Each structure stands twice: as structure tokens, then as C-alpha cells.
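Letter by letter, the chains look like this.
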Amino acid sequence: MKDEKLAKPTGSAKKKSLLTWLSAIIVAGCAGVFYQQSYTNSHEVDFRGLLPYAKLSELAYGTDSEIRNETEGKYFSTTIIFDPKYESKAVILKDTDGGRYIIATRGTANLKNALTDGNVRKIQSKQLDDIRMHAGFFNSSEALYSKILPVLDIDYYAIEVTGHSLGGAQALVLGMMLSKDGRHVTKIVTFGQPKVTDINGVKEFDTLNIIRVINKHDIVPLVPSAEFVSVISDIRRYGIEGVSFFRHLGPQVVLLDSAYYCYVEKSDVEDAAGLFRTSLWANLYREKKDDSAEDKPENYLDILKDNLPDHKMDNYVAGITAKLEDHSEVPLRDMDAHIIDDGGKK
């Protein structure tokens, strides 16, 4: 008698299983995963050290003359790079006293930048050992990289990269590229940065010295959505077995009101709970179900609209500045007690 082979799941069964798992992201995220932390020690954050990177990320939005006027006399040279294909912009500062280059990449400032943000399909990068990357962020960073590299003419200089929003994503991708090419990338500081890669990319570049700063209600770090949009792209390209999810890498500092902040360790960002915690849909669901809110939002669109101001770079600068003289870390489970619900959220 022949052994009976187990029937393989049909395509519809696989899709049903996947949808069930995706739904679990929302349920699990709202069941306490948001507040899961493994550390026992407090974390001292150097907000004075973060402020110059925040100001440079803000300056990258300025005109060329504004950038040169602000950096003249402070650095040996200022080089402004513009890529016409994606209309991306980067500022390269050469600090001969410090033996370093500082690269600041501009965030979304025009329609082409917005289209770059929206190109959320994943592509495999040969340059980065075939890890999957957000297509828009990788392609635009690659175009910038070819123009930036000749400016970095001293091989032994340290390289620091910073940026906000799209610029934060490009800063991370540029840091990956520079590191892979053997350059000495010592620091990557991003503000309101969206996700750029999946778990394999996180593992590949786990040793990068990155710190991500996010504002309390900023929704941009929650995108690309870890669920439906990117999953559809993966299914079309790789099949259901090849589905992966966008993930963050590195620790994050969450700016709360006044002197307060949360610190989420790298291990808590990169584990499975981190996927739930950075789910756009789970966060929207949790906020809509928050019965403690005085002005409870009626729908998800209201939440998105109310939270948009928290993504502005000037609010990041203000949030860091408020913590220069005095600051206090609070655990994630207590973060809501240190957010003032003022309707417009600054």
C-alpha cells in the first residue's frame, strides 16, 4: 500500500492563512505588545548631541543660498547635490577639524519625492547582497550615491548621515551603501524615518550605529504599511511563500511632551513585537479604541489628519530643544500619560 502524501495547501487556503495572520497583527498589537520592553536599565539620551543633526535635517529643506549662508565658516566646504531624475537633494559638509563628512538628505519636497515615497514594492539590491529594499527609497538613494561618492575624497574620514522623512530613509540607505563599500560610517541619525527593508536587511546591517528619533504621534515611521500594500507586491513578485514585511532597525527615541521621552532598545525594535508595534493599522485601531481620549476621533481619517503635524521637522527640533536642560525617560506603558491631547498636537 502506497503512503498517502499530505495534501499541500491550496492557493486560497494560503491566502486565508495569510489574512488570518495579518489580522492577528492588529489584535496582538492592541493587546499590550505596544508596551512590551525587555530592558531594566534607564537610557540617557544626548539631546544636545542630537540637536545639530536635527537642525541640519531641517536646513536641507532650505534653498542653496540659505544652506551656504548657514554653513559658511563652520565647515571647510559645503557641497550641494541635486539629482534631477528623482529631484532628491543632499548636503555634504566637510569638517577637516573633526576628520569627517556629514551628509544631510532632504525629505519630501515635491511631487517626484511623493511618488518616490509611494513606490513601496520591494526590489532585490545586488549592491546590498540581494536584500529586499523599498524600491523608491533604494532607487533614489542609488542615484544620489553616484553623485555623492566622488565628493567623499578622503577615504579615512568618518562619515555621518542624517535626514528627515524621505531624507531619513535615504540617509539609512546611503549609510548601508557606504558601509558595504568599506567606508567608515560612524553614525546615522534619522527623524520621522519610514521603513526601508525587511528582516533580512535588518540582520545584514544590524551593526550600523543608527538612532531613529520619532515624534509621539508621527505616522510616517509606521509606513510602508507592514501589512496589505507591501504584501500584495510580494505575492505578485515572489508568491505567497516569499512574503516579507518592512521592518525598522536600530533603537528609537520617542519624543513625548515637555522633558519626557521613551527609549526602545534595538532588540525590542527588531523582534516580532516590533512588527506589531510599528503596524500602521494596529496603531490606528488602538488610537480609535482609546476610550481615555477627551476628543475621541470618529474615523481613521481624523486620526491621520490630527497626527500629521507631528511629522514636521520644526516640531522635531522643538521636541529635542525642550529636553536640553532637563529630560526624563518613561517606559512605553506610561507614554500616553505624558502626551498632551491638544487637538492639533502642536
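Nothing here was measured: the structure is a model prediction, and the numbers come from that model.

Chemist: Before we go on, may I ask you to explain the pattern of salt bridges in this structure?
Modeler: If the charged atoms of two oppositely charged side chains come close together, the side chains can form a pair. Scanning the model with the defined rule gives 15 salt bridges in all. For Lys126, the salt bridge is made with Asp130, and the minimal N-O distance between the two is 3.6 Å. By relative accessible area, Lys126 is classed as exposed at 70%. With a relative accessible area of 36%, Asp130 lands in the partly exposed category. It is possible to trace a salt-bridge network through shared partners that takes in Asp95, Arg100 and Glu160.

Chemist: Teacher, can you tell me more about the sheet that holds strand β2 (residues 88–95) here?
Modeler: With mixed pairing, nine strands are arranged side by side in an open sheet as β1-β2-β3-β6-β7-β8-β9-β10-β11. The sheet is open, and its two edges are formed by β1 (77–83) and β11 (328–329), each paired on a single side. Bridging between strand β8 (residues 210–215) and strand β9 (residues 252–255) involves four bridges; their strand directions are parallel. Residue pairing for β9: Val213 is matched across the bridge by Val253. Sitting on the sheet, helix α6 (residues 166–180) is in contact with β2, β3 (100–105), β6 (158–164), β7 (185–191) and β8, with an inclination near 155° to β6.

Chemist: Would you mind going over the packing of aromatic side chains with me for this structure?
Modeler: When we look at a pair of aromatic rings, we describe it by the centre distance and by the angle of the planes. Per the counting criterion, the structure on display carries four aromatic pairs. Ring pairing ties together the aromatic residues Tyr101, Tyr156 and Tyr157, which thus form one cluster. Seen from the ring of Phe246, Lys122 lies directly overhead, with NZ or CZ sitting 4.5 Å from the centre. Between the NZ or CZ atom of Arg132 and the centre of the ring of Tyr238, over which it lies, the distance is 3.7 Å.

Chemist: Sorry if this is basic, but what is going on with the side chain of Asp198 here?
Modeler: Along the polypeptide, Asp198 turns up in the loop between β7 and α7 (199–204). Buried charge without a salt bridge: Asp198, with Arg132 as the nearest opposite-charge side chain at an N-O distance of 4.3 Å.

Chemist: Please explain the pairing of β3 as it appears in this structure.
Modeler: β3 sits mainly inside the fold: five of its six residues count as buried. Note: β2 against β3, six bridges, orientation antiparallel. Directly across from Ile92, in β3, lies its bridge partner Ile103. Taking the residues that link successive antiparallel strands as the turn, the β2-β3 hairpin has four residues, and the phi of Gly99 there is positive, at about 60°. Pairing geometry for β3 and β6, over six bridges, is parallel. Looking across to β6, one finds that Ile103 is bridged to Val161.

The rules behind these values
Residues numbered from 1 in each chain as written. Predicted model: local features only at pLDDT ≥ 70, side-chain atom pairs only at ≥ 80, totals over all residues. Heavy atoms only, no water. Salt bridge = Lys/Arg side-chain N within 4 Å of Asp/Glu carboxyl O. Buried < 20%, exposed > 50% of the residue type's maximum accessible area, 1.4 Å probe, protein only. Pairing = 2+ DSSP bridges. Helix = DSSP H or I, 4+ residues; strand = E, 2+ residues; numbered from the N terminus. Contact = heavy atoms within 4.5 Å. Axes fitted to C-alpha atoms, helices over the stretch in contact; angles between N-to-C directions. Phe/Tyr/Trp six-rings, centres within 6.5 Å; stacked < 30°, edge-to-face > 60°. Lys NZ or Arg CZ within 6 Å of the ring centre and 35° of its normal. Lys, Arg positive; Asp, Glu negative; His and termini not counted.

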